[in-house]
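Chain residues, written in single-letter form:
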Amino acid sequence: MAGKGRDMKLHGYYRSSTSYRLRIALELKGIAYEQDPVNLLESAQKDAAYTGRNPFASVPMLAADGRDRAQSMAMIEWLDEAYPQHPLLPADIEDRFTARELTYAIATELHAPLNLSVLKYLKDPLGHSQSEIDTWYRHWLKKTLDPVEARLKQIGTADFLFDRPGIFETVLIPQIYNARRFHYDLTPHPRITQIETACLALPAFQRAHPDKQPDNPANIPEKA
């Protein structure tokens with residue numbers, strides 16, 4: 001990565017969509033950062049030492065400029081203001097609205113009902129089967145991805161929303177990664193998958209991918 005961060009440390013989980021979007025944002029902006037994994041499967045985000053710094057008990061948390069920052073969308077916009085190079089939001093006010101319209105559709109309509117804590121709650125204590133949870137997951141994906149696809153068609157997008165990846169792609173790609181994990185049929189979304197293909201060909205997105213993270217079990221050496 002080009003550029004220098006202000007002693008940034010990203011506390012996240014390799015497969016968390018919000019951690020993934022922060023990694024993409026940092027990579028696209030060329031900001032150097034360290035990683036400190038937080039294992040969600042072991043509920044490490046609920047430890048007293050962690051919640052003492054982040055009362056939301058969530059990932060990601062970004063430690064920067066002597067402050068612990070939570071909430072991924074707030075962090076992304078802060079990064080764009082604090083580090084003007086390689087902006088994630090376009091200069092034109094109408095283009096900025098378009099970027100925010102599509103970005104927040106995914107960040108607010110999809111992340112809330114589909115995050116890990118909700119899925120775990122559906123299973124226990126509510127007692128839903130995995131098949132029922134998968135149906136839940138696909139229902140909410142369709143509800144938001146259908147209109148996002150329609151809007152992209154209206155705009156006439158190609159490889160990216162605008163001339164290069166920005167805040168929309170930063171939030172879209174992790175959600176599509178999760179959609180594929182749940183075997184969601186993306187065939188009706190050719191604009192979205194075209195953007196996905198173009199993004200995943202870029203080094204910044206490749207470095208941010210869950211497969212490349214140090215806490216991905218596939219990257220942790222087995223103990224002798």
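Here is what the cut-offs are and how they apply
One numbering rule holds for all chains: residues counted from 1, following each sequence as written. For this predicted model, a pLDDT threshold of at least 70 governs which residues receive local features, and a threshold of 80 or more governs which side-chain atom pairs are given and counted, while totals over whole chains, interfaces and linings are taken from all residues. Where side-chain values are given, they derive from all heavy atoms of the structure, hydrogens and water being excluded. Each pair of aromatic rings taken from Phe, Tyr and Trp, with Trp reduced to its six-membered ring, is defined by centres within 6.5 Å and is described as stacked if the planes are under 30 degrees apart, edge-to-face if over 60, and tilted in the remaining cases. Going along the chain from the N terminus, every DSSP run of H or I of four or more residues is numbered as a helix, and every run of E of two or more is numbered as a strand. Whether a charge sits over a ring comes down to the Lys NZ or Arg CZ being within 6 Å of the ring centre and within 35 degrees of the ring normal. Here, any two strands with at least 2 DSSP bridges between them count as paired. To get an axis, fit a line to the C-alpha atoms, keeping to the stretch in contact for a helix; angles then go from 0 to 180 degrees between the N-to-C directions. We call two residues in contact when some of their heavy atoms are within 4.5 Å. Only protein chains enter the area calculation, which uses a 1.4 Å probe; residues under 20% of their type maximum are buried, those over 50% are exposed, and those in between are partly exposed. When a carboxyl oxygen of Asp or Glu lies within 4 Å of a side-chain nitrogen of Lys or Arg, that pair is called a salt bridge.

Draft legend 1. Highlighting the packing of aromatic side chains. Scanning all chains against the criterion turns up five aromatic pairs. Seen from their ring centres, Trp 136 and Trp 140 are 5.7 Å apart, and the 70 degrees between their planes marks the pair as edge-to-face. Here Trp 136 and its partner Trp 140 are both found in helix 7 (residues 130-155), four residues apart, which amounts to about one turn of the helix. Sitting over the face of the ring of Trp 78, Arg 69 holds its NZ or CZ atom 3.8 Å from the ring centroid.

Draft legend 2. Representation of the sheet that holds strand 4 (residues 67-69). Pairing is mixed in the open sheet, where four strands are placed in the order 2-1-3-4. Each edge of the open sheet carries a strand with a single partner, namely strand 2 (34-37) and strand 4. Taking each pair of neighbouring strands and ignoring which way they run, the sheet shows an average axis angle of 20 degrees. The sheet contacts of helix 1 (residues 17-29) involve strand 1 (9-12) and strand 2, and relative to strand 1 the element is tilted by about 155 degrees.

Draft legend 3. Broad picture of the side chain of Asn 178. Relative to the helices and strands, Asn 178 is located in helix 8 (residues 167-181). With a relative accessible area of 7%, Asn 178 lands in the buried category. In this view, Asn 178 contacts Arg 15, Ser 17 and Tyr 137; residues no more than four positions away in its chain are not counted.

Draft legend 4. Quick look at the pattern of salt bridges. A full pass over the atoms with the stated rule returns seven salt bridges. Among the salt bridges present, the one from Asp 80 reaches Lys 29, with a minimum N-O distance of 2.8 Å. With Asp 80 in helix 3 (residues 72-82) and Lys 29 in helix 1, the pair connects residues that are 51 residues apart, well separated along the chain. Among the residues examined, Asp 80 registers a relative accessible area of 14% and is labelled buried. Residue Lys 29 is classed as buried on the basis of its relative accessible area of 1%. Residues Glu 196 and Arg 180 are paired through a salt bridge, measuring 2.8 Å at the closest nitrogen-oxygen approach. Of the two residues, Glu 196 is situated in helix 9 (residues 190-200) and Arg 180 in helix 8; the sequence distance between them amounts to 16 residues. Classification of Glu 196 as buried rests on a relative accessible area of 7%. Residue classification places Arg 180 among the partly exposed residues on the basis of a relative accessible area of 44%.

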